[in-house]
Amino acid sequence: MDHRSGQKRAVEYLYPPVEPFDQRVIEVAGGHWVYVEQCGAPEGVPVLVLHGGPGGGCSPTMRRYFDPDVYRVVLFDQRGCGRSRPTASVEANTTWDLVSDIEVIRQTLGIGRFILFGGSWGATLALVYAITHPERVRHLVLRGVFLGTRAELAWFYGGGAGAFYPELWARFATPIPEAERGDLIGAYHRRLFSGNMVEEMRFARLWTQWENALASVNTEGGHYESPSDYARAFARLENHYFQNSCFLESDGWILANRARIEHLGATIVQGRFDMICPPVGAWKLAEGWRACDLRMVGLAGHALSEPGISAELVHVMDGLRAIGKGA
(Lines give C-alpha, C1' and ligand atoms only; values in the text may rest on other atoms or scores of the structure.)
Protein backbone atom coordinates (compact mmCIF):
# COMPACT_ATOMS: atom_id res chain seq x y z
CA MET A 1 0.00 0.00 0.00
CA ASP A 2 1.27 3.46 -0.88
CA HIS A 3 0.14 5.07 2.35
CA ARG A 4 1.32 8.49 1.21
CA SER A 5 -0.95 8.68 -1.80
CA GLY A 6 -3.97 10.97 -1.74
CA GLN A 7 -5.36 9.72 -5.05
CA LYS A 8 -7.60 7.02 -3.61
CA ARG A 9 -10.71 7.60 -1.54
CA ALA A 10 -10.11 7.19 2.18
CA VAL A 11 -12.27 4.06 2.47
CA GLU A 12 -10.04 2.23 0.02
CA TYR A 13 -7.30 2.14 2.66
CA LEU A 14 -9.53 0.76 5.41
CA TYR A 15 -10.32 -2.77 6.51
CA PRO A 16 -13.69 -4.19 5.38
CA PRO A 17 -16.82 -3.21 7.34
CA VAL A 18 -17.19 -5.08 10.62
CA GLU A 19 -20.12 -5.45 12.98
CA PRO A 20 -19.80 -5.24 16.79
CA PHE A 21 -19.72 -8.44 18.81
CA ASP A 22 -20.92 -6.48 21.85
CA GLN A 23 -23.18 -3.43 22.25
CA ARG A 24 -24.36 -2.02 25.54
CA VAL A 25 -25.40 1.13 27.35
CA ILE A 26 -23.61 1.79 30.64
CA GLU A 27 -25.02 3.99 33.37
CA VAL A 28 -22.47 6.51 34.61
CA ALA A 29 -22.57 9.30 37.19
CA GLY A 30 -24.67 12.43 36.80
CA GLY A 31 -27.70 10.85 35.14
CA HIS A 32 -25.95 9.89 31.90
CA TRP A 33 -26.11 6.64 29.92
CA VAL A 34 -23.14 5.97 27.65
CA TYR A 35 -23.30 3.78 24.54
CA VAL A 36 -20.36 1.35 24.18
CA GLU A 37 -19.56 -1.19 21.48
CA GLN A 38 -16.78 -3.69 20.82
CA CYS A 39 -15.66 -5.19 17.52
CA GLY A 40 -12.74 -7.18 16.16
CA ALA A 41 -11.04 -9.91 18.21
CA PRO A 42 -12.57 -10.44 21.69
CA GLU A 43 -9.18 -11.53 23.06
CA GLY A 44 -7.17 -9.08 20.97
CA VAL A 45 -5.10 -6.00 21.81
CA PRO A 46 -7.50 -3.46 23.34
CA VAL A 47 -7.85 -0.13 21.52
CA LEU A 48 -10.09 2.65 22.79
CA VAL A 49 -11.38 5.00 20.08
CA LEU A 50 -12.04 8.58 21.20
CA HIS A 51 -14.16 10.61 18.79
CA GLY A 52 -13.88 14.30 18.12
CA GLY A 53 -16.06 17.27 18.84
CA PRO A 54 -16.80 17.27 21.71
CA GLY A 55 -20.17 16.01 20.55
CA GLY A 56 -19.17 14.25 17.34
CA GLY A 57 -20.10 10.67 18.25
CA CYS A 58 -18.73 7.50 16.67
CA SER A 59 -19.49 6.09 13.23
CA PRO A 60 -19.20 2.57 11.76
CA THR A 61 -16.26 3.77 9.62
CA MET A 62 -14.18 4.27 12.77
CA ARG A 63 -14.16 0.50 13.29
CA ARG A 64 -12.24 -0.03 10.08
CA TYR A 65 -8.80 1.37 10.96
CA PHE A 66 -7.82 -1.79 12.82
CA ASP A 67 -6.95 -5.36 11.82
CA PRO A 68 -10.01 -7.22 13.17
CA ASP A 69 -7.95 -10.36 13.74
CA VAL A 70 -5.56 -8.50 16.04
CA TYR A 71 -7.39 -5.71 17.82
CA ARG A 72 -10.26 -5.60 20.31
CA VAL A 73 -11.70 -2.23 19.35
CA VAL A 74 -13.82 -0.34 21.87
CA LEU A 75 -15.84 2.66 20.73
CA PHE A 76 -18.17 4.82 22.80
CA ASP A 77 -20.29 7.90 22.31
CA GLN A 78 -19.28 10.50 24.87
CA ARG A 79 -21.86 12.08 27.16
CA GLY A 80 -24.69 13.87 25.42
CA CYS A 81 -24.05 12.74 21.84
CA GLY A 82 -24.52 9.87 19.42
CA ARG A 83 -26.44 7.03 21.03
CA SER A 84 -25.68 8.19 24.57
CA ARG A 85 -28.44 9.84 26.58
CA PRO A 86 -29.66 12.43 27.43
CA THR A 87 -28.93 14.00 24.04
CA ALA A 88 -27.26 17.43 23.91
CA SER A 89 -27.13 17.62 27.71
CA VAL A 90 -24.32 19.68 29.26
CA GLU A 91 -25.27 18.84 32.84
CA ALA A 92 -22.46 16.88 34.56
CA ASN A 93 -20.59 16.99 31.26
CA THR A 94 -16.93 17.98 31.63
CA THR A 95 -13.56 16.63 30.56
CA TRP A 96 -13.15 15.06 33.96
CA ASP A 97 -16.53 13.35 33.72
CA LEU A 98 -15.37 11.81 30.44
CA VAL A 99 -12.09 10.66 32.03
CA SER A 100 -14.17 9.01 34.75
CA ASP A 101 -16.39 7.37 32.10
CA ILE A 102 -13.34 5.85 30.41
CA GLU A 103 -12.36 4.28 33.71
CA VAL A 104 -15.87 2.88 34.15
CA ILE A 105 -15.76 1.42 30.64
CA ARG A 106 -12.29 -0.05 31.16
CA GLN A 107 -13.27 -1.69 34.43
CA THR A 108 -16.65 -2.90 33.13
CA LEU A 109 -14.98 -4.58 30.13
CA GLY A 110 -12.14 -6.04 32.23
CA ILE A 111 -9.34 -4.27 30.35
CA GLY A 112 -6.00 -3.59 32.02
CA ARG A 113 -4.29 -1.29 29.51
CA PHE A 114 -5.21 -0.13 26.05
CA ILE A 115 -3.98 1.81 23.06
CA LEU A 116 -5.70 5.18 22.87
CA PHE A 117 -6.74 6.22 19.35
CA GLY A 118 -8.13 9.74 19.11
CA GLY A 119 -8.32 12.69 16.77
CA SER A 120 -8.95 16.40 17.30
CA TRP A 121 -10.88 16.64 20.58
CA GLY A 122 -10.38 12.87 20.82
CA ALA A 123 -6.62 13.52 20.90
CA THR A 124 -7.17 16.06 23.70
CA LEU A 125 -9.17 13.57 25.73
CA ALA A 126 -6.61 10.82 25.09
CA LEU A 127 -3.83 13.04 26.40
CA VAL A 128 -5.79 14.15 29.46
CA TYR A 129 -6.72 10.56 30.30
CA ALA A 130 -3.13 9.36 29.78
CA ILE A 131 -1.74 12.12 32.00
CA THR A 132 -4.28 11.18 34.67
CA HIS A 133 -3.91 7.38 34.33
CA PRO A 134 -0.56 6.70 32.60
CA GLU A 135 -0.43 3.17 33.99
CA ARG A 136 -3.54 2.29 31.94
CA VAL A 137 -2.08 3.23 28.53
CA ARG A 138 0.02 1.12 26.15
CA HIS A 139 0.47 3.64 23.36
CA LEU A 140 -1.13 6.84 22.02
CA VAL A 141 -2.17 7.26 18.39
CA LEU A 142 -3.22 10.88 17.86
CA ARG A 143 -4.58 12.69 14.80
CA GLY A 144 -5.10 16.42 14.24
CA VAL A 145 -3.79 17.41 17.66
CA PHE A 146 -5.82 19.89 19.73
CA LEU A 147 -4.25 20.91 23.06
CA GLY A 148 -7.26 22.83 24.38
CA THR A 149 -5.45 26.18 24.55
CA ARG A 150 -6.80 29.70 24.22
CA ALA A 151 -4.49 30.29 21.26
CA GLU A 152 -6.02 27.39 19.33
CA LEU A 153 -9.57 28.59 20.05
CA ALA A 154 -8.62 32.15 19.07
CA TRP A 155 -7.26 30.84 15.77
CA PHE A 156 -10.45 29.07 14.79
CA TYR A 157 -13.08 31.30 16.40
CA GLY A 158 -11.25 34.62 16.32
CA GLY A 159 -10.55 35.04 12.62
CA GLY A 160 -7.24 33.24 12.04
CA ALA A 161 -8.67 30.46 9.92
CA GLY A 162 -11.21 32.93 8.60
CA ALA A 163 -8.45 34.88 6.88
CA PHE A 164 -8.03 31.92 4.52
CA TYR A 165 -11.77 31.43 3.93
CA PRO A 166 -13.27 34.91 4.25
CA GLU A 167 -16.58 34.01 2.60
CA LEU A 168 -17.11 31.09 5.01
CA TRP A 169 -16.02 33.21 7.96
CA ALA A 170 -18.56 35.87 6.99
CA ARG A 171 -21.28 33.20 6.93
CA PHE A 172 -20.29 32.22 10.49
CA ALA A 173 -19.65 35.66 11.99
CA THR A 174 -22.14 38.06 10.40
CA PRO A 175 -25.28 36.53 12.00
CA ILE A 176 -23.83 37.83 15.29
CA PRO A 177 -24.25 41.58 15.95
CA GLU A 178 -20.99 43.45 15.41
CA ALA A 179 -20.78 44.49 19.06
CA GLU A 180 -20.54 40.81 20.11
CA ARG A 181 -18.06 39.58 17.52
CA GLY A 182 -15.06 40.05 19.83
CA ASP A 183 -16.12 36.83 21.57
CA LEU A 184 -17.90 34.57 19.10
CA ILE A 185 -17.75 31.54 21.40
CA GLY A 186 -19.60 33.53 24.05
CA ALA A 187 -22.03 35.00 21.54
CA TYR A 188 -22.90 31.59 20.16
CA HIS A 189 -23.17 30.23 23.69
CA ARG A 190 -25.95 32.68 24.50
CA ARG A 191 -27.88 31.60 21.44
CA LEU A 192 -27.25 27.86 21.65
CA PHE A 193 -28.57 27.87 25.22
CA SER A 194 -31.29 30.49 24.83
CA GLY A 195 -34.19 28.11 25.44
CA ASN A 196 -35.66 29.13 22.07
CA MET A 197 -35.49 25.94 20.00
CA VAL A 198 -35.76 27.73 16.67
CA GLU A 199 -32.87 30.01 17.55
CA GLU A 200 -30.82 27.16 19.00
CA MET A 201 -31.24 25.11 15.84
CA ARG A 202 -30.35 28.02 13.56
CA PHE A 203 -27.09 28.78 15.36
CA ALA A 204 -26.29 25.09 15.83
CA ARG A 205 -26.35 24.66 12.05
CA LEU A 206 -24.15 27.74 11.55
CA TRP A 207 -21.63 26.52 14.17
CA THR A 208 -21.48 23.04 12.65
CA GLN A 209 -21.24 24.32 9.06
CA TRP A 210 -18.20 26.45 9.91
CA GLU A 211 -16.23 23.49 11.25
CA ASN A 212 -17.38 20.99 8.62
CA ALA A 213 -16.53 23.36 5.77
CA LEU A 214 -12.88 23.61 6.86
CA ALA A 215 -12.33 19.96 7.75
CA SER A 216 -10.93 18.95 4.37
CA VAL A 217 -8.03 20.45 2.48
CA ASN A 218 -10.19 20.16 -0.64
CA THR A 219 -13.10 22.21 0.72
CA GLU A 220 -15.09 24.13 -1.85
CA GLY A 221 -17.13 26.12 0.62
CA GLY A 222 -20.30 24.03 0.58
CA HIS A 223 -22.91 24.21 3.32
CA TYR A 224 -22.25 20.64 4.58
CA GLU A 225 -25.69 20.47 6.20
CA SER A 226 -25.86 18.04 9.14
CA PRO A 227 -29.05 16.45 10.49
CA SER A 228 -30.75 18.80 12.94
CA ASP A 229 -30.41 16.57 16.02
CA TYR A 230 -26.74 15.97 15.30
CA ALA A 231 -26.04 19.67 14.73
CA ARG A 232 -27.71 20.69 17.97
CA ALA A 233 -25.86 18.12 20.09
CA PHE A 234 -22.53 18.81 18.38
CA ALA A 235 -22.77 22.60 18.61
CA ARG A 236 -24.05 22.76 22.19
CA LEU A 237 -21.47 20.31 23.53
CA GLU A 238 -18.52 21.75 21.64
CA ASN A 239 -19.44 25.31 22.56
CA HIS A 240 -19.98 24.30 26.20
CA TYR A 241 -16.49 22.82 26.39
CA PHE A 242 -14.82 25.72 24.62
CA GLN A 243 -16.70 28.31 26.68
CA ASN A 244 -15.15 26.60 29.71
CA SER A 245 -11.62 26.24 28.29
CA CYS A 246 -12.11 22.46 28.06
CA PHE A 247 -12.33 22.38 31.87
CA LEU A 248 -8.54 22.23 32.16
CA GLU A 249 -6.99 23.74 35.25
CA SER A 250 -4.79 26.19 33.35
CA ASP A 251 -4.03 27.30 29.82
CA GLY A 252 -1.39 24.96 28.40
CA TRP A 253 -2.19 22.26 30.98
CA ILE A 254 -1.41 19.34 28.66
CA LEU A 255 2.08 20.52 27.73
CA ALA A 256 2.77 21.49 31.34
CA ASN A 257 2.01 17.91 32.41
CA ARG A 258 3.55 16.06 29.49
CA ALA A 259 6.35 14.68 31.65
CA ARG A 260 3.84 12.23 33.17
CA ILE A 261 3.50 10.41 29.83
CA GLU A 262 6.93 10.82 28.22
CA HIS A 263 7.77 7.19 29.01
CA LEU A 264 4.86 6.10 26.81
CA GLY A 265 5.12 5.62 23.08
CA ALA A 266 3.07 7.95 20.91
CA THR A 267 2.46 8.39 17.18
CA ILE A 268 0.97 11.62 15.80
CA VAL A 269 -0.58 11.80 12.33
CA GLN A 270 -1.02 15.44 11.39
CA GLY A 271 -2.27 17.08 8.22
CA ARG A 272 0.16 19.71 7.00
CA PHE A 273 -2.72 22.00 5.99
CA ASP A 274 -5.02 21.41 8.94
CA MET A 275 -7.05 24.63 9.27
CA ILE A 276 -8.93 23.55 12.40
CA CYS A 277 -5.96 22.34 14.45
CA PRO A 278 -2.81 23.83 12.87
CA PRO A 279 0.32 21.64 12.89
CA VAL A 280 2.14 23.83 15.41
CA GLY A 281 0.21 22.13 18.21
CA ALA A 282 1.34 18.67 17.14
CA TRP A 283 4.90 19.94 16.75
CA LYS A 284 4.92 21.45 20.25
CA LEU A 285 3.56 18.23 21.71
CA ALA A 286 6.19 16.07 20.00
CA GLU A 287 9.19 18.37 20.48
CA GLY A 288 11.57 16.79 22.99
CA TRP A 289 9.37 13.71 23.52
CA ARG A 290 11.78 10.96 22.49
CA ALA A 291 9.15 8.22 22.36
CA CYS A 292 6.87 10.31 20.13
CA ASP A 293 6.85 9.93 16.34
CA LEU A 294 5.32 12.91 14.51
CA ARG A 295 4.22 12.12 10.96
CA MET A 296 3.21 15.12 8.88
CA VAL A 297 0.95 14.25 5.95
CA GLY A 298 1.38 16.60 3.01
CA LEU A 299 -1.66 17.95 1.14
CA ALA A 300 -3.97 16.84 3.97
CA GLY A 301 -6.26 18.79 6.25
CA HIS A 302 -8.02 17.92 9.48
CA ALA A 303 -10.61 15.25 8.75
CA LEU A 304 -10.23 11.59 9.59
CA SER A 305 -11.67 10.97 6.13
CA GLU A 306 -8.76 12.65 4.31
CA PRO A 307 -7.19 9.88 2.16
CA GLY A 308 -3.64 10.58 3.30
CA ILE A 309 -4.70 10.70 6.96
CA SER A 310 -6.67 7.46 6.76
CA ALA A 311 -3.87 5.66 4.93
CA GLU A 312 -1.27 6.72 7.49
CA LEU A 313 -3.44 5.78 10.47
CA VAL A 314 -4.01 2.28 9.10
CA HIS A 315 -0.27 2.04 8.45
CA VAL A 316 0.45 3.08 12.06
CA MET A 317 -2.00 0.57 13.54
CA ASP A 318 -0.64 -2.23 11.35
CA GLY A 319 2.81 -1.38 12.66
CA LEU A 320 1.63 -1.62 16.27
CA ARG A 321 0.24 -5.14 15.94
CA ALA A 322 3.33 -6.51 17.68
CA ILE A 323 2.46 -4.53 20.81
CA GLY A 324 0.11 -7.38 21.70
CA LYS A 325 3.13 -9.48 22.61
CA GLY A 326 3.82 -7.15 25.55
CA ALA A 327 2.04 -7.06 28.89
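Heads up: the structure comes first, above all this text.
Residues numbered from 1 in each chain as written. Predicted model: local features only at pLDDT ≥ 70, side-chain atom pairs only at ≥ 80, totals over all residues. Heavy atoms only, no water.

> It is not clear to me how the side chain of Asp22 should be interpreted in this structure. Could you clarify?
On the secondary structure map, Asp22 appears in strand β1 (residues 22-28). Overall, Asp22 belongs to the buried group, its relative accessible area being 16%. A polar contact of 3.0 Å, which involves the side chain of Asp22, links it to the side chain of Arg24. If we ignore the near neighbours within four places in the chain, the residues touching Asp22 are Val36, Glu37, Gln38 and Leu109. (Helix = DSSP H or I, 4+ residues; strand = E, 2+ residues; numbered from the N terminus. Buried < 20%, exposed > 50% of the residue type's maximum accessible area, 1.4 Å probe, protein only. Polar contact = N/O pair within 3.5 Å; in protein donor to acceptor, adjacent residues only side chain to side chain. Contact = heavy atoms within 4.5 Å.)

> Help me out: how do you make sense of helix α10 (residues 307-319) in this one?
Residue pairs spaced three or four apart in an α-helix point in one direction, given the helix's 3.6 residues per turn. Helix length check: α10, at 13 residues, gives a terminal C-alpha distance of 18 Å against a target of 18 Å (1.5 Å per residue), a fit within 8%. For α10, the secondary structure elements touched by its buried residues are β3 (45-50), β4 (71-76), β5 (114-119), β6 (137-143), β7 (265-271) and β8 (292-297). (Expected span 1.5 Å × (residues − 1).)

> Help me out: how do you make sense of the sheet that holds strand β2 (residues 32-40) in this one?
Sheet strands pair via backbone hydrogen bonds, and the direction of the pair is either parallel or antiparallel. Pairing is mixed in the open sheet, where eight strands are placed in the order β1-β2-β4-β3-β5-β6-β7-β8. At either end of the open sheet lies a strand with only one pairing partner, and these are β1 and β8. Shown here is a sheet whose adjacent strand axes are inclined to one another by a mean of 20 degrees, direction ignored. Bridge count between β7 and β8: six bridges; the pairing is parallel. (Pairing = 2+ DSSP bridges. Axes fitted to C-alpha atoms, helices over the stretch in contact; angles between N-to-C directions.)

> When you look at the packing of helix α6 (residues 197-213) against helix α7 (residues 228-243) in this model, what are you seeing that I'm missing?
When two helices pack together, you describe them by how their axes are tilted relative to each other and by the distance separating the axes. Taken N-terminus to C-terminus, the directions of α6 and α7 make an angle of 80 degrees; their axes are 8 Å apart at the nearest point. Taken as axis vectors, α6 and α7 run roughly perpendicular relative to one another. Each of Met197, Glu200, Met201, Ala204, Arg205, Trp207, Thr208 and Glu211 in α6 lies in contact with α7, whose residues at this interface are Ser228, Tyr230, Ala231, Arg232, Phe234, Ala235, Arg236, Glu238, Asn239 and Phe242. Looking at side-chain class alone, the contact of α6 with α7 contains nine nonpolar, three polar and six charged residues. (Parallel < 35°, antiparallel > 145°, perpendicular 65-115°, else oblique. Nonpolar A, V, L, I, M, F, W, Y, C, P; charged D, E, K, R; others polar.)

> Looking at this model, I keep getting lost on the pattern of salt bridges. Mind explaining?
Pairing is possible between side chains that carry opposite charge, provided their charged atoms lie close to one another. Using the criterion set out here, one finds 19 salt bridges in the structure. One salt bridge connects Glu37 with Arg83, and the closest N-O pair in it is separated by 3.7 Å. A residue pair is termed long-range when its members are at least 10 positions apart, and Glu37 in strand β2 and Arg83 in the loop between β4 and α1 (95-109) qualify at 46 residues. For Arg83, the salt bridge is made with Asp77, and the minimal N-O distance between the two is 3.0 Å. Given the relative accessible area of 36%, Arg83 is considered partly exposed. The network of salt bridges with common partners includes Glu19, Glu37, Arg63, Asp77 and Arg83. (Salt bridge = Lys/Arg side-chain N within 4 Å of Asp/Glu carboxyl O.)

> Looking at this structure, how should I read the state of the cysteines?
One covalent bond between the sulfur atoms of two cysteine residues makes up a disulfide. Scanning the entire structure with this criterion turns up zero disulfides. Note on Cys58: no disulfide assigned, nearest cysteine sulfur contributed by Cys81 at a separation of 7.8 Å. Its sulfur unpaired, Cys292 is 16 Å from the next cysteine sulfur, which belongs to Cys277. With a relative accessible area of 13%, Cys292 lands in the buried category. (Disulfide = S-S within 2.5 Å.)

> What should I look at first to understand the nonpolar core in this one?
Generally speaking, nonpolar side chains in soluble globular proteins are found buried as a group. Counting residues in each nonpolar core, the largest one holds 76 residues, and the members touching the most others are Leu140 and Leu214. Of all the elements, helix α2 (residues 121-132) adds the most residues to this core, at nine residues. Setting aside its immediate chain neighbours within four residues, Leu214 contacts Phe156, Ala161, Tyr165, Leu168, Met275 and Ile276. Membership of the second largest hydrophobic core comes to 26 residues, among which are Tyr15, Val47, Leu304 and Leu313. (Core = buried A, V, L, I, M, F, W, Y, C linked by side-chain atoms within 4.5 Å.)

> Sorry, what's going on with the pairing of β7 here?
A regular strand places its side chains on the two faces of the sheet in alternate fashion. Counting buried positions over the seven residues of β7 gives seven, a clear majority of the element. Of the two faces of β7, the one holding Gly265, Thr267, Val269 and Gly271 and the one holding Ala266, Ile268 and Gln270 are both buried throughout. Inspection of the sheet shows β6 paired to β7 by five bridges, in the parallel sense. The partner of Leu142 across the bridge, within β7, is Ile268. In the classification by handedness, the crossover that spans β7, the intervening helix α9 (residues 279-286) and the parallel β8 is right-handed. (Right-handed = clockwise from strand over helix to strand, strands pointing away.)

Function cannot be read off these values alone, since they describe shape.
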